[in-house]
Amino acid sequence: MKDDVRRERWIITAEKVSERGGEDGGSVGTVRDFEGTREEAERALEEAARTFPMGVFFQERRRLVYRQLDGSYLVRCTGSLGGRHTRVLRAARLVWDSGAKGGDSTG
């Protein structure tokens, strides 16, 4: 790796989207937290969209992965019993940490 490549702190999250107007959406969980380049973060986000487990007892029959215009991914899975789960996966770069020495910005 080149010395001039900037490695930054990234997080990938998955937000549950309610189906058919239900109230089960809105919860957000961390999928991955890592240090890397923007390109590595984009690859990790796409990989997460393809492989993120939708539920412990959910037996996936089909997965559709859409890349949205803002760079996030919408993932819709249909289960073997007909249920459906939808998640929006996003990557975010850490830009400030109040716990860092002097509260410095990370860029």
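The model shown is predicted, which means the values in this text are computed figures rather than measured ones.

Participant: Which residues make up helix H1 (residues 38-51), and what values do they have?
Facilitator: Helical geometry note: an α-helix holds 3.6 residues per turn, so side chains three or four residues apart project in the same direction. When the terminal C-alpha atoms of H1 are compared, their 20 Å separation across 14 residues agrees well with the 20 Å that a helix rising 1.5 Å per residue should span. Every buried residue of H1 is accounted for by Ala41, Ala44, Leu45, Ala48 and Ala49. Taken end-on, H1 shows its buried residues confined to a sector of 140°, consistent with a single buried face. Structural note: H1 exposes Arg43 and Arg50 on the side pointing more than 90 degrees away from its buried face. Where H1 is buried, its residues meet strand S1 (8-17), strand S2 (28-36), strand S3 (60-67), strand S4 (73-79) and strand S5 (84-93).

Participant: So what's going on with the environment of Arg62? Which residues, and what values?
Facilitator: Turning to its location among the elements, Arg62 is positioned in strand S3. Of the residues examined, Arg62 reaches a relative accessible area of 51% and is grouped as exposed. If near-sequence neighbours (up to four positions away) are discounted, Arg62 is found in contact with Arg76, Cys77 and Thr78.

Participant: Now, about the environment of Gln59: what can you tell me, with residues and values included?
Facilitator: Examined against the element boundaries, Gln59 turns out to sit in the loop between H1 and S3. Residues Gln59 and Gly79 lie 20 residues apart in sequence; the distance between their C-alpha atoms is 5.3 Å. Leave out the neighbours within four places in its chain, and Gln59 touches Thr78, Gly79 and Ser80.

Participant: Before we move on, could you go through the side chain of Ser72 and cite the residues and values that matter?
Facilitator: Relative to the elements of secondary structure, Ser72 occurs in the loop between S3 and S4. Judged by its relative accessible area of 3%, Ser72 is buried. A polar contact is formed between the side chain of Ser72 and the side chain of Gln68, at a distance of 2.7 Å. A polar atom in the side chain of Ser72 sits 2.6 Å from the side chain of Asp70. The residues touching Ser72, leaving out its near neighbours within four places in the chain, are Tyr66, Arg67, Val88, Leu89 and Arg90.

Participant: Quick rundown of the pairing of S4? Include the residues and the values.
Facilitator: S4 sits mainly inside the fold: six of its seven residues count as buried. Relative to S4, S3 runs antiparallel, the two being bridged by seven bridges. Residue pairing in the sheet places Arg67 in a bridge with Tyr73 of S4. Between the antiparallel neighbours S3 and S4 lie five residues, among them Gly71 with a positive phi of about 95°. Where S4 lies against S5, six bridges are found, and the strand directions are antiparallel. Of the residues in S5, the one forming a bridge with Leu74 is Val88. Hairpin geometry of S4 and S5 is characterised by an intervening segment of four residues between the two adjacent antiparallel strands and by a positive phi of about 95° at Gly82.

Parameters at a glance
- Residues numbered from 1 in each chain as written.
- Predicted model: local features only at pLDDT ≥ 70, side-chain atom pairs only at ≥ 80, totals over all residues.
- Heavy atoms only, no water.
- Helix = DSSP H or I, 4+ residues; strand = E, 2+ residues; numbered from the N terminus.
- Expected span 1.5 Å × (residues − 1).
- Buried < 20%, exposed > 50% of the residue type's maximum accessible area, 1.4 Å probe, protein only.
- Arc of directions from axis to C-beta.
- Contact = heavy atoms within 4.5 Å.
- Polar contact = N/O pair within 3.5 Å; in protein donor to acceptor, adjacent residues only side chain to side chain.
- Pairing = 2+ DSSP bridges.

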